[in-house]
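Examining the three-dimensional arrangement
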Amino acid sequence: METRFSLRGCTICCLVMGLVLMFGTGCGKKAWPEPQLDEDRFFWGQIQHQRQGACLDARALVHGAANKLGNVYLEWMVWDRPEDCPECPFEVTNRVLLADRSSELKRQNGVIRILLCEWDPDLSYRWRLVGMNVHRGLGFVESQVEYSP
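Residues numbered from 1 in each chain as written. Predicted model: local features only at pLDDT ≥ 70, side-chain atom pairs only at ≥ 80, totals over all residues. Heavy atoms only, no water.

A few points about the side chain of Ser 124
Worth spelling out the cut-off: Every helix listed is a DSSP run of H or I at least four residues long, and every strand listed is a run of E at least two residues long, numbered separately from the N terminus. For every residue, the accessible area (1.4 Å probe, protein chains only) is compared with the maximum for its type, and the residue is labelled buried under 20%, exposed over 50%, or partly exposed between those bounds. A contact between two residues is defined here by any heavy atoms of the two lying within 4.5 Å.
Residue placement: Ser 124 occurs in strand 7 (residues 124-133). Classification of Ser 124 as buried rests on a relative accessible area of 16%. Beyond its immediate sequence surroundings of up to four residues, Ser 124 is in contact with Arg 51, Met 77, Val 78, Trp 79, Tyr 147, Ser 148 and Pro 149.

Notes on the environment of Leu 97
Mapped onto the elements, Leu 97 comes out in strand 4 (residues 94-98). You can call Leu 97 partly exposed: its relative accessible area is 40%. In this structure, the C-alpha to C-alpha distance between Leu 97 and Leu 74, residues 23 residues apart in sequence, is 6.6 Å.

Side note on the packing of aromatic side chains
For the record, the criterion: Put simply, two rings from Phe, Tyr or Trp (the six-membered ring, in Trp's case) pair if the centres are within 6.5 Å, and we call them stacked under 30 degrees between planes, edge-to-face over 60, tilted for the rest. For a ring to carry a charge above it, either NZ of a lysine or CZ of an arginine must fall within 6 Å of the ring centroid while also lying within 35 degrees of the normal to the ring plane.
Going through the model one piece at a time under the given rule, you end up with 3 aromatic pairs. On the numbers, 6.4 Å between centres and 85° between planes, the contact of Phe 42 with Trp 44 is edge-to-face. Take Phe 42 and Trp 44: they sit in the same class, and that class is buried. On the numbers, 4.3 Å between centres and 20° between planes, the contact of Trp 119 with Tyr 125 is stacked. The exposure class of Trp 119 is buried, given its relative accessible area of 2%. Under the relative-accessibility criterion, Tyr 125 is labelled buried at 4%. Cluster of aromatic residues (ring-pair linked, three or more members): Trp 76, Trp 119 and Tyr 125. In this arrangement the basic side chain of Arg 95 is found over the ring face of Tyr 73, its NZ or CZ atom lying 3.8 Å from the centre. Lying over the aromatic face of Trp 79, Arg 126 brings its terminal NZ or CZ to 4.7 Å of the ring centre.

Here you go:
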């Protein structure tokens, strides 16, 4: 009788240990997926634009992981000089969020088009695009500063 209990106890103990080993292997470090830095980055390519009165019509190429481009901000400042000054500091005075659902932003195959009609037709502006990566940890990407007389 004593042998029967120890055999039964040993069997139960082995089953419990087997279950612990089988289900315990899934217990480890759990964390949110991390972005692959090189595979998830995008950058701004060529930007073409024109002004028609109060409207800015701009097209920008997105290189790299264009599908990782989330929201886009258009930042600008009024420029009171008769010509551009690339070495002058860019001081943002206005900023607008251009989300996918906004009427001012259109996307197609790595090209975005912005049509914003909020500017004073009598003023010149310096502006840039700021793209937000869908992976927040990768931050934002600024384009070069453009000049629109």
